[in-house]
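Given next are the chains, with one letter for each unit.
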Amino acid sequence: MEGIVSEKDFAPIGEYIETISGVSLKYEKEYLVRQRLTPILLRNGFDSFSTFARHVSSNKNNTFNADVISAICTHETSFFRDEYFFTALARHVFTEFSGQNSELPVKIWSAATSTGQEIYTLAILIDEFVHSHPYAGLQFKDFNIFGTDIDGKVLKKTADGIYTEAEVSRGLSPRRLSKYFTPVQDGWNANPKLRDIVNLKRLSLHDFAFSEITEAPFDIILLRNVLIYFREDTARKIISAIHSLMKPGGYLLLGSSENLYKISDLFESVVFENSILYRKKEST
Ligand SMILES: C[S@@+](CC[C@H](N)C(=O)[O-])C[C@H]1O[C@@H](n2cnc3c(N)ncnc32)[C@H](O)[C@@H]1O
């Protein structure tokens, strides 16, 4: 395989990646594309990035698309990532569902869930909330968690709920680890109680197949650390579709470096301690 991918070859490859995933890559990410796609090219009989570029400029439906998506997407995540967001969620948002007029179950969607640390963080948070607020009238089973990702491989890991020592050491306190996980040969397995409230599906936000989401409408949607990979107009369309899947007054959580500036005015920002959450405006 040749060295650096030329700008001329990078253009159709970038366009192909964006078509199949929504992920928009500038030429400065050439090294990433080269490193991550080289094994896939070799496995599929391409002798150079030029041949690959020619192929994908006219063929977008390939048997290796899922492998390309899996290789290109960044799956970085951890338990209780930016913990202050989760603290705000429990303290201020979960309590809103405690009122007698709440429509149960409380439905939560983690829309780019990666390997599941975000989902299990939510499940732990719910269990802790339910136990620390016995008068709220909510039980663990009053919450549903729906998890989706474009990459089937990460969903498999999420469903298994098995994490290495290094993974659990990122964000899980020893107390939470021993309470909610069981040691297994390859690390730690999330207990069945946590795994049982989770419902997983492969879904690309970029396919705009939102009508397939029969689990809607949601009270809370986590769309964390994924919008950054999309162009502004793609992000705008996704947010508008997501907005229509939320209950009035529902909350949207983005990553700590993401915001809705220039993307949507359908939400109002709500500041809880150190975190900004977005609430669906009542009139929209
Ligand atoms: C950086 S991870 C974020 C994980 C988690 N939400 C967090 O904040 O820790 C981004 C995830 O978005 C997923 N992703 C990328 N493009 C997507 C798309 N078009 N539709 C759904 N998920 C996508 C990737 O597969 C990856 O698992």
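Residues numbered from 1 in each chain as written. Predicted model: local features only at pLDDT ≥ 70, side-chain atom pairs only at ≥ 80, totals over all residues. Heavy atoms only, no water.

### Digging into the nonpolar core
- One finds Leu37, Trp109, Leu223 and Leu252 to be the most contacted residues of the largest nonpolar core, which totals 53 residues.
- Every element with two or more residues in this core is listed here: helix H1 (7-21), helix H2 (30-43), helix H3 (49-58), helix H4 (65-72), strand S7 (218-223), helix H11 (232-244) and strand S8 (246-254).
- Contact partners of Leu37, with chain neighbours within four places excluded, come to Ile13, Ile17, Phe49, Phe52, Val68, Ala71 and Ile72.
- Counting 43 residues, the second largest nonpolar core, distinct from the first, contains Ile126, Val130, Leu253 and Val270. (Core = buried A, V, L, I, M, F, W, Y, C linked by side-chain atoms within 4.5 Å. Buried < 20%, exposed > 50% of the residue type's maximum accessible area, 1.4 Å probe, protein only. Helix = DSSP H or I, 4+ residues; strand = E, 2+ residues; numbered from the N terminus. Contact = heavy atoms within 4.5 Å.)

### Observations regarding the domain arrangement of the protein chain
- Splitting the protein chain by domain gives domain 1 (7-72) and domain 2 (83-280).
- Its C-alpha centre places domain 1 at a distance of 31 Å from the equivalent point of domain 2.
- Summing both sides of the interface, domain 1 and domain 2 together bury roughly 780 Å²; the carbon and sulfur share of this comes to 47%.
- For the interface between domain 1 and domain 2, the tally reads two salt bridges.
- Note that Asp67 and Lys153 form a salt bridge whose closest N and O atoms lie 3.8 Å from each other.
- Applying the counting criterion to the domain 1 and domain 2 interface returns four residue pairs in polar contact (both at pLDDT 80 or more).
- Ranked by residues supplied to the side of domain 1 that touches domain 2, first place goes to H1 with four residues.
- A class-by-class count of the residues in the side of domain 1 that touches domain 2 yields three nonpolar, five polar and two charged. (Domains from an automatic or database assignment. Buried area = accessible area lost by both parts, 1.4 Å probe. Salt bridge = Lys/Arg side-chain N within 4 Å of Asp/Glu carboxyl O. Polar contact = N/O pair within 3.5 Å; in protein donor to acceptor, adjacent residues only side chain to side chain. Nonpolar A, V, L, I, M, F, W, Y, C, P; charged D, E, K, R; others polar.)

### Considerations on the packing of aromatic side chains
- A full pass over the atoms with the stated rule returns 19 aromatic pairs.
- For the pair Phe52 and Phe64, a centre-to-centre distance of 5.9 Å together with 45° between the ring planes defines the contact as tilted. With a gap of twelve residues between them, Phe52 in helix H3 and Phe64 in the loop between H3 and H4 connect regions that are remote in the sequence. We note that Phe52, like Phe64, is buried.
- Put simply, the rings of Tyr16, Phe46, Phe49, Phe52 and Phe64 touch in pairs and so form one group of aromatic residues.
- Over the aromatic face of Phe80 sits the side chain of Arg176, whose NZ or CZ is 4.0 Å from the ring centroid.
- Its guanidinium or amino end placed over the ring of Phe85, Arg224 lies 4.6 Å from that ring's centre, counting from NZ or CZ. (Phe/Tyr/Trp six-rings, centres within 6.5 Å; stacked < 30°, edge-to-face > 60°. Lys NZ or Arg CZ within 6 Å of the ring centre and 35° of its normal.)

### Some words on the site of the ligand
- Around the ligand, 23 residues are found, and the nearest of them are Ser21, Thr77, Arg81, Asp149 and Asn225.
- Isolated, the ligand exposes 600 Å² of accessible area, and the fraction of that covered by the protein chains is 99%.
- Among the residues forming the shell around the ligand, the class breakdown is nine nonpolar, eight polar and six charged. (Near = heavy atom within 4 Å. Areas by Shrake-Rupley, 256 points an atom, 1.4 Å probe, with all protein chains shown as cover.)

### Comments concerning helix H6 (residues 117-132)
- Compared with an ideal rise of 1.5 Å per residue, which puts 16 residues at 22 Å, H6 spans 22 Å between its outermost C-alpha atoms and is within 8% of the ideal.
- Summarising burial for H6: 14 of the 16 residues are buried, a large majority. (Expected span 1.5 Å × (residues − 1).)

### Observations regarding the sheet that holds S8
- Taken in spatial order, the seven strands make up an open sheet running S6-S2-S1-S7-S8-S10-S9, and their pairing is mixed. Where the open sheet ends on each side, the last strands, each with one partner, are strand S6 (198-202) and strand S9 (267-272). On average, adjacent strands in this sheet sit at an angle of 25° to one another, irrespective of strand direction.
- By the bridge criterion, five bridges tie strand S2 (residues 143-149) to S6 in an arrangement that is parallel. (Pairing = 2+ DSSP bridges. Axes fitted to C-alpha atoms, helices over the stretch in contact; angles between N-to-C directions.)

### Description of the side chain of Arg176
- Structurally, Arg176 can be placed in helix H9 (residues 174-180).
- The buried category is assigned to Arg176, whose relative accessible area is 13%.
- There is a polar contact of 3.4 Å between the side chain of Arg176 and the side chain of Glu83.
- Those residues in contact with Arg176, other than ones at most four positions away along the chain, are Phe80, Glu83, Ile124, Glu128 and Phe181.

### Considerations on the pairing of strand S1 (residues 106-110)
- Burial within S1 is extensive, with four of its five residues counted as buried.
- Both S1 and S2 contribute to a ladder of five bridges, which runs parallel. By the bridge assignment for S2, Ser110 is matched with Gly147.
- The parallel pair S1 and S2, bridged by H6, forms a crossover whose chirality is right-handed.
- As paired elements, S1 and S7 share three bridges and run parallel to each other. (Right-handed = clockwise from strand over helix to strand, strands pointing away.)

### Some points on the packing of H2 against H4
- The N-to-C vectors of H2 and H4 enclose an angle of 155°; their axes lie 9 Å apart at closest approach. Judged on the interaxial angle alone, H4 and H2 are roughly antiparallel. Classified by chirality, the crossing of H4 by H2 is right-handed. Contacts from Leu32, Val33, Arg36, Leu37, Ile40 and Arg43 of H2 reach H4 at Asp67, Val68, Ala71 and Ile72.
- Residue composition of the contact of H2 with H4, by class: seven nonpolar, no polar and three charged. (Parallel < 35°, antiparallel > 145°, perpendicular 65-115°, else oblique. Left-handed = near helix turned anticlockwise from the far one by under 90°.)

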